[in-house]
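The lines below spell out each chain.
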Amino acid sequence: MSKRIAVYPGSFDPITYGHLDIIERGLDVFDEIVIAVARNSEKKSLFPTEERIRHIKETIGDNPRVSVDTFDGLLVDYVVSKGAKVILRGLRAVSDFEYEFQIAQMNHNLKNEIETLFMMTSVPYGYLSSSIVKEVASLHGSVESCVPPVVLQALIEKFGAPGKA
Ligand code: ADP
């Protein structure tokens with residue numbers, strides 16, 4: 001039987017416990033997950049791609065079922081090149097829905113053999129996004145409960161320790 005491979009694309013700027021929860025739960029459904037860090041993201045990033053990858057790799061550790069890669073160009077082409085049939089995405093609030101719906105429809109139009117599968121966020125992470133983590137860290141709030149240690153350290157190096165202006 002062929003392996004069930006999912007591509008989990010995103011900016012991961014930086015990776016949070018919300019992303020990790022989707023990866024962990026995704027591994028119950030798929031044999032392999034490819035975490036695909038977007039290079040051509042229009043969003044201005046805080047961490048360069050290579051650093052985002054390092055954060056992810058250090059956090060995931062050695063797991064033969066998870067790999068980390070970058071992609072640019074059309075996501076569906078990348079997904080096909082990895083031998084995958086599924087794009088894995090997380091959904092938080094209703095506000096995620098419209099954007100995700102649009103992209104999923106377009107990707108399906110481009111390659112109808114590729115499906116997008118959504119996993120609902122786990123309750124503790126429903127409010128959590130990379131953007132809010134960056135905002136709070138930049139204002140010297142604590143984000144210890146939101147991001148893995150390597151990211152926490154990187155945020156402290158950028159913005160200083162929590163509570164210190
Ligand atoms: P993008 O810039 O493509 O939205 P992100 O890194 O922000 O990339 O997110 C990647 C994926 O992870 C998206 O599907 C997003 O909805 C999902 N995600 C992010 N944070 C959470 C969370 N707290 N719970 C569930 N899914 C999440």
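What counts and how
Residues numbered from 1 in each chain as written. Predicted model: local features only at pLDDT ≥ 70, side-chain atom pairs only at ≥ 80, totals over all residues. Heavy atoms only, no water. Pairing = 2+ DSSP bridges. Helix = DSSP H or I, 4+ residues; strand = E, 2+ residues; numbered from the N terminus. Axes fitted to C-alpha atoms, helices over the stretch in contact; angles between N-to-C directions. Contact = heavy atoms within 4.5 Å. Salt bridge = Lys/Arg side-chain N within 4 Å of Asp/Glu carboxyl O. Buried < 20%, exposed > 50% of the residue type's maximum accessible area, 1.4 Å probe, protein only.

### Looking at the sheet that holds strand β2 (residues 32-38)
Link 1 in the chain: Taken in spatial order, the five strands make up an open sheet running β3-β2-β1-β4-β5, and their pairing is parallel. Of all strands in the sheet, those bounded by a partner on one side alone are β3 (66-71) and β5 (115-120). Shown here is a sheet whose adjacent strand axes are inclined to one another by a mean of 30°, direction ignored.
Link 2 in the chain: Bridge analysis of β2 against β3 gives six bridges, and the strand direction is parallel. The residue bridging Val-37 from the neighbouring strand is Thr-70, located in β3.
Link 3 in the chain: Relative to the sheet, helix α2 (residues 49-60) contacts β2 and β3, its axis offset from that of β2 by approximately 155°.
Link 4 in the chain: Across the face of the sheet, helix α4 (residues 94-110) comes into contact with β4 (86-91) and β5 while running at roughly 170° to β4.

### Concerning unusual backbone geometry
Link 1 in the chain: With an omega of 0°, the peptide bond running from Asp-13 to Pro-14 counts as cis.
Link 2 in the chain: If you trace the backbone, Pro-14 turns up in the loop between β1 (5-10) and α1 (17-26).
Link 3 in the chain: Positioned with a positive phi, Phe-12 is a non-glycine residue whose angle comes to about 50°.
Link 4 in the chain: Mapped onto the secondary structure, Phe-12 falls in the loop between β1 and α1.
Link 5 in the chain: Despite not being glycine, His-140 has its phi angle at roughly 65°, a positive value.
Link 6 in the chain: With respect to the helices and strands, the residue His-140 is situated in the loop between α5 (130-138) and α6 (149-159).

### Some thoughts on the pattern of salt bridges
Link 1 in the chain: Taken as a whole, this structure holds 12 salt bridges when the rule is applied.
Link 2 in the chain: In this structure, the salt-bridge partner of Arg-52 is Asp-13, at a minimum N-O distance of 3.8 Å. Placement of Arg-52 in helix α2 and of Asp-13 in the loop between β1 and α1 is noted, with a sequence separation of 39 residues between them.
Link 3 in the chain: Judged by its relative accessible area of 4%, Asp-13 falls in the buried class.
Link 4 in the chain: Ionic pairing is found between Glu-100 and Arg-89, a salt bridge with its closest N-O pair at 2.7 Å. Placement of Glu-100 in helix α4 and of Arg-89 in strand β4 is noted, with a sequence separation of 11 residues between them.

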